[in-house]
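# Topology and contacts: notes
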Amino acid sequence: VVTTHCGETCAAESRWRARQSPSGLTVCNFSFAHCTLRVSVALAQIVYLWNAASGSISRLARVDGPGDYISSVRFSADGKHLAIGTNSAKVMVYDVQAETLVRTLEGHLHRVASLAWNGNAQLSSGSRDASVMNHDLRASECTSVLRGHTQEICGLSWSSDGKLLASGSNDNTLRIWDAAKPC
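What you are looking at is a predicted structure, and each value in this text was computed from that prediction instead of being measured.

Parameters and conventions
Residues numbered from 1 in each chain as written. Predicted model: local features only at pLDDT ≥ 70, side-chain atom pairs only at ≥ 80, totals over all residues. Heavy atoms only, no water. Salt bridge = Lys/Arg side-chain N within 4 Å of Asp/Glu carboxyl O. Helix = DSSP H or I, 4+ residues; strand = E, 2+ residues; numbered from the N terminus. Buried < 20%, exposed > 50% of the residue type's maximum accessible area, 1.4 Å probe, protein only. Core = buried A, V, L, I, M, F, W, Y, C linked by side-chain atoms within 4.5 Å. Pairing = 2+ DSSP bridges. Patch = residues over 30% accessible without salt bridge, like charges linked within 9 Å, V, L, I, M, F, W, Y side chains within 5 Å. Areas by Shrake-Rupley, 256 points an atom, 1.4 Å probe, with all protein chains shown as cover.

Tallied over the full model, the rule gives four salt bridges. Here K90 ties to E106 by a salt bridge, and the two come within 3.9 Å at their closest N and O atoms. Highlighted residues: K90 in the loop between strand 8 (81-86) and strand 9 (91-95) and E106 in the loop between strand 10 (100-105) and strand 11 (112-118), separated in sequence by 16 residues. Given the relative accessible area of 54%, E106 is considered exposed. Here R138 ties to D136 by a salt bridge, and the two come within 2.8 Å at their closest N and O atoms. Classification of R138 as exposed rests on a relative accessible area of 67%.

Moving on: the nonpolar core. Counting 14 residues, the largest nonpolar core has V47, L60, I70, V73, L82 and I84 as the members making the most contacts within it. Elements with a contribution of two residues or more to this core: strand 5 (46-51), strand 6 (57-62), strand 7 (70-75), strand 8 and strand 9. With three residues, the single largest contributor to this core is strand 7.

Moving on to the pairing of strand 12 (residues 122-127). Summarising burial for strand 12: five of the six residues are buried, a large majority. Across six bridges, the pairing between strand 11 and strand 12 is antiparallel. For A116, the partnering residue across the bridge sits in strand 12 and is S124. Counting the residues in the hairpin turn of strand 11 and strand 12 gives three residues, including G119, whose phi is positive at 80°. As paired strands, strand 12 and strand 13 (residues 131-136) are joined by five bridges and run antiparallel to one another. Bridged to S124 within strand 13 is N134. Two successive antiparallel strands, strand 12 and strand 13, enclose a turn made up of three residues, where A130 displays a positive phi of approximately 75°.

Together, L164, L174 and I176 give the surface a local cluster of nonpolar side chains, amounting to about 300 Å² of exposed area. Its place among the elements puts L164 in strand 16 (residues 164-169).

Listed below in structure tokens is the structure:
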């Protein structure tokens, strides 16, 4: 059972497995759109959207490169955009309603293992290359690159006021970055 930030509940996991993976496939990555009752599910190379209100499932994205797969997914705060990280070091941003690719972000050298939105326009991505890239989707390029970890970034989270970014790494460290300070 999944509880959204609005307090609504739905049986997302059991419905998904029953409808999408009768052969026993496991859910690799998933993200919930706050208050829109949408769930994104990444199974290997494909990202699906499940609408809990209607029960409909649609295929949003697919990666096809050799050895490529979806390594992370995250909805924006308003649920209108979905960021998708790949094993080929790319981040794709989709318009969820139109189900179209809005932008592809590049710059990492290895798998994008974690994603975090700061509001609806700022997106942070953490990679196996031990860097965190901050993107303002209103700008044409990456706004900053944070370095300090020595291994893959396995978790990212912005503070509720949007001033601090926490990054966790497989090097067993947690770093807190001040968004107001230049890198």
